[in-house]
Each structure stands twice: as C-alpha cells, then as structure tokens.
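Coordinate analysis (summary)
Read off the chains here:
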Amino acid sequence: AVFSNIVNIFAWLFIIFFGLLYLLSRELTEPLRYIAQKMKQVSLSGKNEPLQWSTDDEIGKLVREYNSMLANLQESKEALSRSEK
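Note that this is a predicted model, so its numbers are computed, not measured. (Residues numbered from 1 in each chain as written. Predicted model: local features only at pLDDT ≥ 70, side-chain atom pairs only at ≥ 80, totals over all residues. Heavy atoms only, no water.)

**Considering helix 1 (residues 2-40)**
Stated precisely, the cut-off is as follows: The helix count covers DSSP runs of H or I at least four residues long, the strand count covers runs of E at least two residues long, and both are numbered beginning at the N terminus. Expected span of a helix: the number of residues minus one, times 1.5 Å. Bend at a residue means the angle formed by two fitted axes: the first through the 7 residues ending at that position, the second through the 7 residues beginning there.
Helix length check: helix 1, at 39 residues, gives a terminal C-alpha distance of 55 Å against a target of 57 Å (1.5 Å per residue), a fit within 8%. The largest bend in helix 1 amounts to roughly 40° and is located at T29, with the proline P31 lying one to four residues further along.

**Details of helix 2 (residues 58-84)**
The test is simple: Note on exposure labels: buried denotes an accessible area under 20% of the residue type's maximum, exposed denotes more than 50%, and partly exposed covers the range between, all computed with a 1.4 Å probe on protein chains only. Contacts were defined at the residue level, with two residues in contact if any of their heavy atoms lie within 4.5 Å.
Between its first and last C-alpha atoms helix 2 spans 39 Å; for 27 residues at 1.5 Å apiece the expected length is 39 Å, and the two agree. Of all the residues in helix 2, the buried ones are I59, G60, V63, Y66 and L70. Of the surrounding secondary structure, the elements contacted by the buried residues of helix 2 are helix 1.

**Regarding the packing of helix 1 against helix 2**
Using the following cut-off: Angles here are taken between N-to-C directions and fall from 0 to 180 degrees, while the axes themselves are lines fitted to C-alpha atoms, restricted in helices to the stretch in contact. An angle counts as roughly parallel when it lies under 35 degrees, as roughly antiparallel when it exceeds 145, as roughly perpendicular when it falls between 65 and 115, and as oblique in every other case.
Interhelical geometry of helix 1 versus helix 2 gives an angle of 10° and a closest axis separation of 11 Å. The angle between helix 1 and helix 2 falls in the class roughly parallel. Listed contacts from helix 2 to P31, L32, I35, K38 and M39 of helix 1 are I59, L62, V63 and Y66.

This is the structure we're talking about:
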C-alpha cells in the first residue's frame, strides 16, 4: 500500500511537471515562431516591415540582424531597379 501510494505521488508529480514544462517551452519559443513567420513573409515585391523588440537579449540580437537583412534587401532591390532602367 505504501509503495503504490509513492508510485501514485510520483506519477502525479511527473504529470504536473510535464505540463509545466510544456507551458514554459511554448512561452519561450513563441518569439522564435513569430520571427520564423515573419521570415516566411519576406519578399522582393512586397513591403517588408522590420520587427520591434524591446530587450537586448538573444532574441533582440536576432531581430536586429533580421532588420539589417531587410534594409540590405531593400537597398539591393532599389539598386536592381535603377540598373534595369
């Protein structure tokens, strides 16, 4: 009886911690999914909007590089347009 109670307690703890881990992992990966979605929308023909991120963490560095890439893409698009004329 004691052993089955201990197994039940650990099983419930495992389920609770697994649920918390799932929720925390979704919260931590949400910014990366947002950036990936925006990267899929980048095109030469459309208006590409830079991303806003308020902190200077790893995600902020990624957003800065993304915005820099968009600026370079815009410059290349304008240079290509000028050279075609």
